[in-house]
Amino acid sequence: MSKIIASAAIRGAHKIVERAEKEYEEALEKWGPDQKVGFPNTAYYLPIIYGMLGIAVAKIGDMKQVLDHCRSLLPPPVREKVHLPYLGPTLDAGMATLFADEIIEVIRYLKEPNFYLIGEDISNGQIWLGAADDIILRKRGVEFVDGTAPGFAAVLGSAPDPETAKNIAEELQRKNLYVFMHAEHNGKRFAEQLIEAGVQIGWPTRLVPFGPDPTSVCFAGGFAVRAAMSFGGLQPGEFRKILIYNKDRIFAFALPLGLVTDEWYAQAAGAINFGFPTIADSPIPEILPTGVCTYEHVVSNIPHDQLVSKAIEVRGLKVTVSEVPVPVSYGPAFEGERVRKDDLYLECGGGKTVAVEWATTKNMDEVEDGKVELFGPDISDIESGSRLPLAILVEFAGRKMQDDFEPILERQIHHFINYAQGMMHIGQRDIAWIRVAKQAVEKGLTLKHIGSILHAKFHEDFGAIFDKVQVKLHTEEKKVKEILAQATQVYATRDARIEGMTDEAVDIYYSCTLCQSFAPNHVCIVSPERTGLCGAYNWMDCKASYEINPTGPNQPVEKGECLDPKFGQWKGCNEFLYKASRGALDHYNFYSIVHDPMTTCGCCECIAAILPLCNGVMTVDRDYTGMTPCGMKFTTLAGTMGGGNSSPGFVGHGKYNITQKKWISGDGGIKRLVWMPKRLKEEIAPRLKKIAEEIGIPNLPNMIADETVGISEEEILAFLEEKGHPALSLDPLLE
Amino acid sequence: MSEIGDKTVDAATRTMLEKAAGEGIETVFDRAEKMKPCPIGSEGSCCRNCAMGPCRIPAPKKKPKDPEKAKKRMGLCGATAETIAARNFARMIASGCAAHSDHGRGVAEVFVAAAKGEIPGYSIQDEQKLYQVAMDFGVEIGERDIKDIAIDVGEKALAEFGRQEGELAFIKRAPLKRQEIWRKLNIVPRGIDREVVEIMHRTHMGVDQDYRNLMLQGSRAALADGWGGSMVATELQDILFGTPVPLVSKINLGVLKEEDVNLIVHGHEPLLSEMIAAVSQDPEMIQMAQSVGAKGITVAGMCCTANEILMRHGFPIAGNFLQQELAITTGAVDAMIVDVQCIMENLVNVAKCYHTKLITTSPKAKIDGATHVEFDEHDAINTAKRIVRTAIENFPNRTSKVLIPDERTDIVAGFSHETINYLLGGIFRASYRPLNDNIINGRIRGIGGVVGCNNARTTHDSSHLTVVKELLKNDVIVLTTGCNAMACGKAGLLTPEAASKYCGEGLASVCETVGIPPVLHMGSCVDNSRILMAATAVVKDGGLGDDLSDVPAAGCAPEWMSEKAISIGQYFVASGVFTVFGVTFPIMGSEGMKDLLFNEFEETLGGKWAFEKDPEKMAKLMIEHIDKKRKALGIDKARERVLYDMEMRQKLDAA
Amino acid sequence: MTDKMIKKQSFTGKKVEILGETYEPGMPAEKGQWRKKLRNRKAMLKYLQSGERYWYLDADQWCGSERRKSKA
């Protein structure tokens, strides 16, 4: 601390805590102690308070003890002469500030229910998104887990002008960071400046307008705390572990732009507890000695064009930015950006024209690395608002290249194209849909750039499995249709091969420790018929990943002697599990929910739970926010199950896995499935239908209940009986 | 007669020396001029352990031509200079250890009685510290009543004194590597009293006559002090009276108030002074003071009693060891209450020249001619009241001219190792990491422990301040206790404002960050145990080696005089710390002992002694040692900033 | 206590307004009672294990970058 900063932060903390106390008193008066309060759709209550103090604030009455805590944490103001030491007290004041923030903000949810929007996007006239719900947390949190987003910048205030704001935001985006926006300076707010500069904001572009007041900083802190609890498996009240988790793994920092008020200092003091330093554009005092943060605590007077690189250096972060030769910004942060109708310059596919993407293998002498050819008109040849057919043909060659890698590489086309600012990509294969924005075209983007992007990115991420890659782009309908016909045949062959792949047919499974830096106790082993529970990695992906990086997160596991064919247990897997869990677990079953199921981490796509009354199981995906028949919402289930536990009666799995033959096959498989959210059922309908036919119960999809039938076991039991669901006649699930 | 300016660097002391001279009062400063120290005794070459002696075998003034012959100087029994110096040194350790530990025992006895609720006025003030010590002693906490936990803790603590075998409980607090060194050398204390008794036995005529072997036992007894008696005293006092937290107060004779009834509590134990301090604020007492014409009651401390009530309650300090006679010389002290240790017998003579009542309170420490009011812990409040009343009643008897020097300095104190730990990270991130980090990155060069007494053989406070300022200038943060803390306090070094004034840029920036003074007052002389704990915390936090001897740190006692200082020095050396003493050193008559203490110990114990009178050179020795340790740790060069990418994060240890 | 504002030169060369030295007048009136922030046995024990973990928590239980490579 510096004396000036400590004094200001403590004063700011007093103000905010006093405000929280006042808000609490008024709320208590108006609604009474039993009035429920909470941020939308979260199992973590007021997350900072929950994580740090272990107190679940669910009612107004619960706030009292938190405010008492705040009071006792608040130190007296710093004195002019012979002051007492202030570092520890100021950090405490910072924590009290974040607790008070949460109370103020949650009361705002009660007082002005429409103040904050729900979901990922802003709407007309309303920009503040408020607390991220658990769906956003899990979806976005996975990016923190897999490294596509190393951290976030909490911006307070505003830049001198919209152009500077845009530059700062885009630089942060290029560095793959999330930008959380708060508070105002000079009557202006960073988020509004971005809109003014024509930048798309919202979760999809990683530019998140949290709130107009400094108290909204708690939404950033709450995101960080929940990341530690949901992905790190840390328990509420384990404050030190949660804070160190953030110091070590979430590369966040505060960027106050403009006058740093005492209330901002108070927020910054709170952030320092997490190891998040402050980098200011104004000449405030600096705190250079290290210790609570990894490096400096406060660095100031940094010119705007150096702000982001300075912040990253101070936070101790290394960001490797892809050098992709395109005239627009490029990076994962631009993946979620949309190209709206009004901005549209060119559109391909999406049902409007024919479009197809195909990755294939050629002989070494057939491929010239880096060659990009365009057959047909390019953007420069057409007018704004046009449509073109498009075939993207990517041809690989190399000694290590295998047919099995083709679909994996092909799936990347979606991401790689999307990363370019002003280019939108949806779908894959023959349902690909590409939009190019006017703004990007103005900067000189052409269709041929797709080829340059793919060449650069494939080499960067997958260079280990091929030697050469060339790209052919076709925009003439006839040729595109020819390619489509060839590709369709290849798709069918591939699908058949993947479908036919069984656990019995391979000797090697793959471990996945991709999320282990975030969920240290979870040990994932992926087999052909048990796709990774995050839904992102199947056996083939893991195999390819191992080829690409032999010391990476996917390691081969010799499955060894089969100890239990019914429940799916192998000696080699057990040995690996024992080692990887550092002795915490010595076995689990791949195919059971009842008997020693596989461990679950916070990033699973779905969680299945047994419903004893129905003699079956239900499953729920992370996008479904409602109640389920097991009495818990997804987010509560994930909170209870995540963090690497093996919990009989519950198991995490991917969506795709539901329709794989080995899904809980030890307990009866798909025949046990009695309930799932409607939308999930629709999403997997084609495959569900197929497997239902295969097991000889073609009507099974209609027998599975959803939330329209009921969300209690009693309700759905009646439905199952009426439909004659097969689970009812199976052996008892629990003995 | 030398100038008063040569006697002290403290303005208040100077004023009072002038007053004393004018009034014909003889003080320790005068006697130091009249009587020179015995040259043979001061080098440790006099043996009076049997009636065949005393044997005096002084080292030759010039280097002998035949070193073999020089070696042969010996007492009647054949005791060599080595044996004699080692025996004397070991006995000093025994005495020092006994003093600290007997203090600790007294606290433990009161603690047990207080826990049982048998003595009104004492209670458990620091519940958390009780749990802390309970964990060390293996006392179950669970859902048990505080009272039961406290009784168990007290009894376990008390048992440490008479323990016959095994290891003292607090030994386990030390770094693992340090414990191993002790075990390998077989110097882990078995019991506190036992090690003192064994020294007395082994130094008896005709027993242990191998100076190395004697010094092993000396180390064991010293460890029984630092990690035993002293630590027990500190910890139990914290539970009874509160673990120190940061606070402000004032220091120097100017804290006395002419219009108030002034009591000075002097000595070492807080048991009675705590009560006197409390009782002095009783409205009934204040009213009584006012009834005799005083405005109020001022209680100020002297020596380590002062440190005790300063650290826990912020009572002002009148001065350090060499100011005790001078306090009375102000003519404003209505009663000086003394307990044990460092109380000059001459106080009784000075008091006679004024109206001051010198009140002895300990059955262990009476002074012929003083008033004795025996402190009965079962009736502590009434004892305290009686004493305060005596002072009040004495107020109207003030006769001579009162002169209180207008010298008082603001200080910040209260730096227990727990408080330092808290200050560096707050409730949620408390740790020594920021300290270690800034030592590693070089903003702080190292840690200096500067402690110890005053000694009338050297200019009062001068060496203390010179060493400390030199260390600060070189970015060495200073931890202090005892009379050094007071010297620093009087000179304004215990304020946060001192950082920018005296420190190198690096240390100043860290002080500004934490808001601390560059010199941290950690308490009384038994509280040197707090320095051991702070140093241990530094080791355990990581990045600065695995043992206390790896840390870039050094200790010194520039103006030492008591046997307690020798015991403290030896336990720091035996804990792996390089320790420099000033003024004089009681083994200089023995080449073997010099080699053992100044060199060999570094091989065996990891720490060693040094003797250096010149405070600037003393600081230099410490800094050189710190630099040596920095080099060994590989932190003598600037380090590159490590930037983390995803791969490195994935390799992080699991949370 | 109102915030004292001062003008300071920023990287642009222009003077900008920032918060200046604003303190409560005089010297501290009370102790820095941080131990009172721990209000019950549970909180006290929790703090001992997390804050003073050097002695009261096995080093294996320390987390992340705070975990020592070798025990001490």
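Procedures and definitions
- The residue numbering used here restarts from 1 in each chain and proceeds along that chain's sequence as written.
- Chain letters and ligand numbers both follow the written order, the letters beginning at A and the numbers at 1.
- Owing to the predicted nature of the model, reporting of local features is limited to residues with pLDDT of at least 70; listing and counting of side-chain atom pairs is limited to 80 or more, with chain, interface and lining totals taken over all residues.
- Computation of side-chain values: all heavy atoms of the structure, hydrogens and water removed.
- In this scheme, strands are said to pair when DSSP sees at least two bridges between them.
- Strands are runs of DSSP state E lasting at least 2 residues, helices are runs of H or I lasting at least 4, and numbering of each runs from the N terminus.
- Inter-axis angles, ranging from 0 to 180 degrees, are taken between N-to-C directions of lines fitted to C-alpha atoms, where helices are fitted over the stretch in contact.
- Every residue pair with non-hydrogen atoms within 4.5 Å of one another is taken to be in contact.
- Buried area is understood as the total, over both parts, of accessible area removed when two parts are fitted together, assessed with a 1.4 Å probe.
- Salt bridges, as used here, are contacts in which a Lys or Arg side-chain nitrogen is within 4 Å of a carboxyl oxygen on Asp or Glu.
- Under the convention adopted here, Pro, Cys and the residues Ala, Val, Leu, Ile, Met, Phe, Trp and Tyr are nonpolar, Asp, Glu, Lys and Arg are charged, and Gly plus all remaining residues are polar.
- Reported domain spans reflect what an automatic or database domain assignment gives.
- We define a polar contact as two N or O atoms separated by no more than 3.5 Å, with the added condition that, inside protein, one atom must be a possible hydrogen donor and the other a possible acceptor, whereas residues neighbouring each other in sequence contribute only through side-chain atom pairs.

Residue and element names in this part refer to chain B. Strand order in the open sheet formed by six strands is S13-S12-S11-S14-S15-S16, and the pairing between neighbours is parallel. Two strands in the sheet have a free side with no partner beyond their single neighbour: strand S13 (519-521) and strand S16 (609-611). Pairwise comparison of adjacent strand axes, ignoring direction, gives a mean angle of 25 degrees for this sheet. Across five bridges, the pairing between strand S11 (residues 446-450) and strand S12 (residues 476-480) is parallel. Across the sheet, residue Gly446 finds its bridge partner in S12, namely Val476. Its contacts with the sheet put helix H28 (residues 615-633) on S11, S12, strand S14 (553-557), strand S15 (578-581) and S16, and the angle it makes with S14 is roughly 160 degrees.

Once that is clear, we can look at the interface of chain C and chain B. Taken residue by residue, the interface counts 30 residues in chain C and 50 residues in chain B. Of all residues in chain C, Arg35(C), Arg41(C) and Trp55(C) bury the most surface against chain B, accounting for 22% of the area lost on that side. Taken together, chain C and chain B are joined by three salt bridges. Here Asp126(B) ties to Arg35(C) by a salt bridge, and the two come within 2.8 Å at their closest N and O atoms. Listing elements by their share of the side of chain C that touches chain B, those giving two or more residues are helix H1 (41-50) and helix H2 (53-56) of chain C. Broken down by element, the residue count for the side of chain C that touches chain B peaks at six residues, all from H1(C). In the side of chain C that touches chain B, the residues fall into 14 nonpolar, six polar and 10 charged.

This paragraph deals with the domain arrangement of chain B. All names here are of chain B. Partitioning chain B into domains gives domain 1 (81-241), domain 2 (253-397) and domain 3 (417-633). Distance from the C-alpha centre of domain 1 to the C-alpha centre of domain 3: 23 Å. Counting residues at the interface gives 40 residues for domain 1, matched by 44 residues for domain 3. For the pairing of domain 1 and domain 3, the buried interface totals around 3200 Å² over both sides, and the portion due to carbon and sulfur atoms is 65%. It is Phe89, Met92 and Arg178 in domain 1 that bury the most area against domain 3; as a group they hold 19% of the surface buried on that side. Between domain 1 and domain 3 we count four salt bridges in total. Across the salt bridge formed by Arg212 and Glu600, the nearest N and O atoms sit 2.8 Å from each other. Counting across the domain 1 and domain 3 interface gives 19 residue pairs in polar contact (both at pLDDT 80 or more). Put simply, the parts of the chain that give the side of domain 1 that touches domain 3 at least two residues each are helix H6 (81-115), helix H7 (127-137), helix H9 (176-185) and helix H11 (211-241). Broken down by class, the residue content of the side of domain 1 that touches domain 3 amounts to 21 nonpolar, 11 polar and eight charged.

Attention now goes to the sheet that holds strand S12 (residues 423-426) of chain A. All names here are of chain A. Sheet architecture is open: four strands sit in the order S10-S7-S13-S12, paired in mixed fashion. Two strands close off the open sheet at either side, each with one partner strand: strand S10 (386-388) and S12. Along the sheet, successive strands turn relative to each other by an average axial angle of 15 degrees, direction set aside. Looking at chain direction, S12 and strand S13 (residues 433-437) are connected through four bridges and run antiparallel. Residue His425 lies in a different strand from S13, and its bridge partner there is Ile434. Here helix H12 (residues 405-418) sits on the sheet in contact with S12 and S13, set at roughly 155 degrees to S12.

To continue, consider the interface of chain B and chain A. Taken together, the 45 residues of chain B in the interface contact 57 residues of chain A. Taken together, both faces of the contact between chain B and chain A bury some 4100 Å²; the carbon and sulfur share is 56%. Three residues, Phe428(B), Arg429(B) and Arg649(B), lead the burial of chain B against chain A; their summed loss comes to 22% of the area buried on that side. Along the contact surface separating chain B from chain A lie two salt bridges. Here chain B and chain A share 19 residue pairs in polar contact (both at pLDDT 80 or more) between them. Considering every element that reaches the side of chain B that touches chain A, the biggest residue donor is helix H24 (residues 505-514) of chain B, with five residues. Per-class residue counts for the side of chain B that touches chain A are 24 nonpolar, 10 polar and 11 charged.

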